[in-house]
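Each chain, letter by letter, is given below.
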Amino acid sequence: MSRHITGHDLECLATGSWILGTGGGGSPYSSYLSMRNYYDNGGSVELLDPGELADDDLVAVLSTMGAPLVFQERMTDPAFALKPLRIMEEFLGRRFRAVMTVEIGGCNAFQPLLAAAASGLPVVDADAMGRAFPEAQMQSFAIADLKMYPHVVADIRDNDVIVARAATWQSLERVRRKVCTEFGSVATTCQAPRTGAEIKRHAVLHTTSRAIALGREVRRARAAHDDTVAATLRAANGKLLSRGKVIDVQRRTTEGFLRGTTRFAGLDGDADSIFEIAFQNEFSVGWRNGSVAVTTPDLICVLDSVSGEAIGTESLRYGQRVSVIALPSPEIHRTAKGLQHVGPRAFGYDIPFKSVFAEDKEEIVA
Amino acid sequence: MSRIGIDVGGTNTDAVLVADGKVVAAVKTATTEDVSSGVKQALSDLLRGAALMPAARKLEAVMIGTTHFTNAVAERRALDKVAALRIGLPANASLPPFVDWPADLVNVVRGSVHMVAGGHEFDGRPLVPLDRAAIREEARRIADSGLTAVALTSVFSPLTDECEREAAEILKEEIPGARITLSHELGRIGLLERENCALLNASLQSLAQRTAAAFVAALSESGLDVPLFLTQNDGTIVHSGLAARYPVHCFASGPTNSMRGAAFLSGIGDAIVVDVGGTTSDIGCIKGGFPREANAAVEVGGVRTLFRMPDLLSLALGGGTEISADGRRIGPRSVGYRLTSRALCFGGDTLTATDIAVAAGRIALGERDRVAHLSPSFAESGMRQMGEMISDGIDRMKTDAAEVPLLAVGGGSFLVPEKVPGASAVVRVEHHAVANAVGAAIAQVSGEVDRIFTGIGRVQAIECAQAEATQRALDAGADPGSVAVLDIDDIPLSYLPGDARRVRVRVIADIADFGERQDETNFG
């Protein structure tokens with residue numbers, strides 16, 4: 001059902017999308033501020049149920065890309081979020097019916113809202129990841145082998161690039177990264193246009209409203225001094241993997257990714273256990289006492305045990321009291337084809353995927 | 001040689017005389033509304049005893065640490081209205097200055113907001129050409145409005161200050177008597193947080209000038225003809241003239257001084273410090289005698305800032321913390337400075353942390369008979385719970401699992417248990433109740449640079465940063481012969497092209513001879 005996003009929804013989306021960022025995706029803080037400012041001045045954005053799209057409606061898939069350090073000086077705002085969409089419309093000679101985000105995890109959850117604030121277009125309640133992932137070929141549209149072009153990369157000045165064709169998702173990724181660097185390591189994108197039919201079939205549906213509901217539950221629990229982690233698990237059908245404290249964090253930056261590992265010493269019911277997680281921008285694999293306990297594409301989230309606020313891979317630090325939880329991944333990621341794109345082997349781990357939510361079922365081997 | 005250190009807190013003004021590396025006199029007086037008469041009182045109390053000591057005669061300087069500016073922001077008083085000029089359009093247009101401030105503070109501080117085109121990329125290329133005509137036009141508008149406090153922020157100015165400097169020249173031409181804060185002189189990468197820091201600084205300028213002048217007057221009225229320094233967030237000092245320009249650098253000087261004082265008094269430079277006051281416990285970490293700095297945003301009066309601040313964990317636990325009758329709820333309310341009238345052991349009606357400690361026999365305060373009704377098991381259980389709160393906080397502030405000494409200071413430090421998990425020892429020192437004034441007295445001058453360098457090699461980048469840091473120390477009043485490098489950090493930023501690296505250099509030095517010092521100070 002379509003509805004208007006409220007001012008309170010914005011706060012909830014900031015909290016919820018940061019949890020779905022599974023450690024990455026960039027902090028939504030400045031995008032949230034931008035939207036709050038728009039709402040304070042009387043603005044409002046419509047959230048459109050994907051079921052209401054006509055099969056031939058055209059939807060713009062939007063994102064911000066670049067280096068997190070640069071985002072701190074050059075923040076995305078409504079006009080910049082909308083810019084690549086207008087260039088795409090000019091290129092196609094067609095108008096978009098609505099906007100959506102490529103990833104619901106982290107700051108990009110707000111990207112279509114920003115564009116909507118500048119255009120009045122509705123935001124489709126869906127994304128192409130159901131979380132955050134580091135690379136373009138990890139989108140549900142890539143798993144479905146949809147076309148990856150044309151693809152617009154926009155600069156804040158009058159420098160904009162249209163990638164008219166690309167041979168593979170990987171080559172598109174390489175070209176647009178180079179362009180983004182030239183633009184000062186921050187760019188907004190309008191990715192290959194999607195039809196209503198493609199979205200209904202291949203997008204991850206209702207993720208914006210799910211992120212809002214998740215954030216709302218965490219904030220409600222926080223205000224009521226309830227257990228915020230338990231509230232998260234309830235709201236997102238999650239599983240608690242460990243409660244503990246951070247005892248070690250190792251990070252290194254390679255090939256533009258923040259890679260590393262972190263270890264937690266168990267507290268309370270998990271005393272005497274050690275939980276370790278490896279990350280590449282986002283959390284990818286977790287081990288309990290040396291045995292694999294959880295792997296991507298299950299969502300691995302690390303929350304502050306008291307506030308329920310998500311903790312990003314770049315802000316982990318010794319002594320934090322954290323809860324490691326798993327949330328179920330979208331269906332598409334658990335198919336054999338999906339696991340090729342986003343399973344443990346896609347991140348360089350030679351281990352089979354076994355969902356913590358399907359312990360009794362046959363394991364699916366990618 | 002001797003120095004006087006003064007800590008002007010919200011409740012108490014403490015003063016110490018440190019001569020030849022030893023605390024020779026210490027006094028505690030009440031902080032006064034006008035701040036300076038409390039300082040005069042403290043000086044007079046201190047000097048009455050100290051005048052007799054020959055070691056105290058060669059007074060070198062007076063160092064004052066004050067929470068006055070932080071309190072002004074927290075209480076939203078004595079703040080100037082500020083004109084905010086941001087350079088960086090077309091970027092960030094939807095996030096104007098003050099966008100993330102609490103509404104009540106915006107009402108007090110926001111004078112006007114101006115945004116013009118300009119700014120830089122992370123690699124030093126201009127973002128777009130600086131719009132000088134627009135700056136002049138906005139400057140005239142500011143001049144017409146009568147505002148003189150201006151905060152100037154440009155995109156990526158910590159990397160290149162060109163735009164801010166050039167704009168400042170135009171502002172000076174157009175606005176007579178303008179007091180301009182440049183964001184790159186204060187903050188780091190993070191536009192909103194750095195701009196917030198500049199805005200707060202600009203709003204505090206006239207209060208800082210008045211306060212520094214009042215301190216100088218208090219000194220001269222006390223018959224002291226020595227230079228005055230104010231202490232800063234990083235445990236160093238600046239000459240009072242310069243401090244009036246950067247009041248934000250004094251925001252956290254209280255906790256910093258107490259950590260540094262604890263290190264000095266114990267002779268232990270690497271430790272966790274817990275300072276238990278009447279309402280809160282501040283926990284910090286010192287390395288080489290200096291506080292570890294916060295890397296994340298620190299809120300001041302509800303405003304997010306990112307600059308030179310100590311990494312602190314504040315717990316709502318102090319000597320005045322109120323305890324529920326069943327002993328289960330500890331704080332967060334506190335009787336604060338009214339401890340001696342409100343606590344049970346002083347004949348009051350409120351059960352406080354101090355009463356528990358008195359009942360448990362940890363400290364002798366007030367009359368123990370008045371807490372005789374508290375059973376030993378009740379008192380022990382209360383002490384254990386409070387000890388756990390402190391232990392938990394200490395563990396959170398550690399950076400690794402290795403054991404480190406714990407320095408316990410402050411008037412409420414009797415709440416710190418004798419054994420703390422993860423601490424190799426709990427160290428208590430003489431004069432711990434005035435550790436903050438001691439920290440002020442021993443402070444040195446510093447200079448710091450924290451910048452991203454691109455296109456030059458590592459060695460050259462470090463040399464460049466070191467030269468700049470040294471110049472900053474000299475500006476702050478350093479003796480050129482004594483400048484030493486305190487720490488160098490360099491981090492390659494591999495997600496940025498062009499051999500980019502963030503280099504941070506901090507130098508430290510003794511204060512220069514100002515030539516106005518008398519060898520034999522006349523204590524009158």
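From a predicted model like this one, the values you see are computed outputs, not experimental measurements.

A. Spatial organisation of the overall build of chain B. On a plain count of helices and strands, chain B comes out with 14 helices and 23 strands. The C-alpha atoms of chain B give a radius of gyration of 24 Å, which matches the 24 Å a tight globule of 524 residues would have. Expressed along its principal axes, the backbone C-alpha trace of chain B runs to roughly 75 × 55 × 50 Å. The burial tally for chain B puts 54% of its 524 residues in the buried class.

B. Quick peek at the overall build of chain A. A tally of helices and strands in chain A yields eleven helices and 18 strands. Overall size of chain A, expressed as C-alpha extent along the three principal axes, is 60 × 45 × 40 Å. A total of 366 residues make up chain A; the buried ones form 55% of that total. Taking the contacts inside chain A whose residues are at least 6 apart along the sequence as the reference set, 72% of them involve residues at least 24 apart.

C. Summary view of the domain arrangement of chain B. All names here are of chain B. For chain B, the assigned domains read domain 1 (2–72 + 209–251), domain 2 (80–203), domain 3 (315–437) and domain 4 (443–509). Placing the centre of domain 1 and that of domain 3 at their C-alpha centroids yields a distance of 29 Å. Those elements that provide at least two residues to the side of domain 1 that touches domain 3 are β1 (2–8), β2 (12–19) and β3 (22–30).

D. Representation of the packing of helix α9 (residues 207–223) of chain A against helix α10 (residues 228–236) of chain A within the structure. All names here are of chain A. Contact geometry of α9 with α10 gives a least axis separation of 8 Å together with a crossing angle of 155 degrees. Between α9 and α10, the angle is such that the two are roughly antiparallel. As for the relative orientation of α9 and α10, their crossing is right-handed in sense. Contacts between α9 and α10 involve A213, L214, E217, V218, A221 and R222 from the first element and T228, A231, T232, R234, A235 and A236 from the second. Within the contact of α9 with α10, the residues separate by chemical class into seven nonpolar, two polar and three charged.

E. Representation of helix α4 (residues 132–145) of chain B within the structure. All names here are of chain B. With 14 residues, α4 ought to run about 20 Å at 1.5 Å a step, and its terminal C-alpha atoms sit 20 Å apart, in line with that. All of the buried residues in α4 are I135, E138, A139 and I142. End-on, the buried residues of α4 take up no more than an arc of 105 degrees, which puts them together on one face. Facing away from the buried surface of α4 by more than 90 degrees, the exposed residues are A133 and D144. Those residues of α4 hidden inside the fold are in contact with β5 (82–89), β6 (110–117), β7 (149–154) and α5 (162–174). Downstream of α4 by one or two residues, G146 has phi in the positive range, about 85 degrees.

F. View of the sheet that holds β6 of chain B. Residue and element names in this part refer to chain B. Taken in spatial order, the four strands of this open sheet run β6-β5-β7-β8, and their pairing is parallel. The sheet is open, and its two edges are formed by β6 and β8 (179–182), each paired on a single side. The mean inter-strand angle of the sheet, taken between neighbouring strand axes irrespective of direction, is 20 degrees. Bridge analysis of β5 against β7 gives six bridges, and the strand direction is parallel. If you follow L85 over to β7, its bridge partner there is L152.

G. Up close: the interface of chain A and chain B. Taken together, the contacts link 26 residues of chain A with 29 residues of chain B. Among the elements of the structure, α2 (29–40), α3 (68–71), α4 (78–92) and β12 (239–254) of chain A are those that each provide at least two residues to the side of chain A that touches chain B. Element by element, the count of residues in the side of chain A that touches chain B is highest for α2 of chain A, at four residues. Residue composition of the side of chain A that touches chain B, by class: ten nonpolar, twelve polar and four charged.

H. Quick look at the confidence of the model for chain A. The predicted model of chain A has a mean per-residue pLDDT of 92, with 96% of residues at 70 or higher. Note on residues 362–366 of chain A: pLDDT is under 50 here. Beyond four places in sequence and across chains, it has 13 contacts.

I. Inspection of the environment of S44 of chain B at higher detail. Residues and elements named next belong to chain B. Position of S44 among the secondary structure elements: in helix α1 (residues 36–50). We classify S44 as partly exposed; it has 16 C-beta atoms within 10 Å. Counting along the chain gives 52 residues from S44 to P96, while the straight-line C-alpha distance between them is 49 Å.

J. How the structure looks around the domain arrangement of chain A. All names here are of chain A. Split by domain assignment, chain A resolves into domain 1 (3–207) and domain 2 (227–347). Put simply, the middle of domain 1 and the middle of domain 2, counted by C-alpha atoms, are 25 Å apart. Each partner contributes to the interface: domain 1 provides 20 residues, whereas domain 2 provides 23 residues. Of the residues belonging to the side of domain 1 that touches domain 2, the class tally is ten nonpolar, nine polar and one charged.

K. Seen up close, the confidence of the model for chain B. Residue and element names in this part refer to chain B. Mean pLDDT over chain B stands at 89; residues scoring 70 or higher make up 94%. The model gives residues 515–524 a pLDDT under 50, and that stretch makes 16 contacts with residues more than four places away or in other chains. Among the scores for the predicted complex, ipTM is 0.87 and pTM is 0.88.

L. Focus on the pairing of β3 of chain B. Residues and elements named next belong to chain B. With eight bridges joining them, β2 and β3 adopt antiparallel strand pairing. Paired with L17 across the strands is A25, a residue of β3. In textbook terms, the turn of a hairpin is the stretch between consecutive antiparallel strands, and for β2 and β3 this stretch comprises two residues, one of which, D20, has a positive phi near 50 degrees.

M. Layout of α5 of chain B. In this model, α5 of chain B (13 residues) spans 19 Å end to end at C-alpha, consistent with the 18 Å of a helix rising 1.5 Å per residue. In this structure, the buried side of α5 of chain B is in contact with β5, α4, β7 and β8 of chain B.

N. Quick peek at unusual backbone geometry. The linkage connecting Y149 of chain A with the following residue, P150 of chain A, adopts the cis geometry, with an omega of -5 degrees. Tracing the backbone shows P150 of chain A in the loop between α6 (140–143) and β7 (151–154). Look at the link from L89 of chain B to P90 of chain B: it is a cis peptide, with omega at 10 degrees. You can see P90 of chain B is positioned in the loop between β5 and α3 (103–109). Phi at D20 of chain B is positive, roughly 50 degrees, even though this residue is not glycine.

Reading guide: rules and limits
- Residues numbered from 1 in each chain as written.
- Chains lettered and ligands numbered in written order.
- Predicted model: local features only at pLDDT ≥ 70, side-chain atom pairs only at ≥ 80, totals over all residues.
- Helix = DSSP H or I, 4+ residues; strand = E, 2+ residues; numbered from the N terminus.
- Rg over C-alpha atoms; globule rule 2.2 N^0.38 Å.
- Buried ≥ 20, exposed ≤ 12 C-beta atoms within 10 Å, placed from the backbone.
- Contact = placed C-beta atoms within 7 Å.
- Domains from an automatic or database assignment.
- Axes fitted to C-alpha atoms, helices over the stretch in contact; angles between N-to-C directions.
- Parallel < 35°, antiparallel > 145°, perpendicular 65-115°, else oblique.
- Left-handed = near helix turned anticlockwise from the far one by under 90°.
- Nonpolar A, V, L, I, M, F, W, Y, C, P; charged D, E, K, R; others polar.
- Expected span 1.5 Å × (residues − 1).
- Arc of directions from axis to C-beta.
- Pairing = 2+ DSSP bridges.
- pLDDT = per-residue confidence, 0-100.

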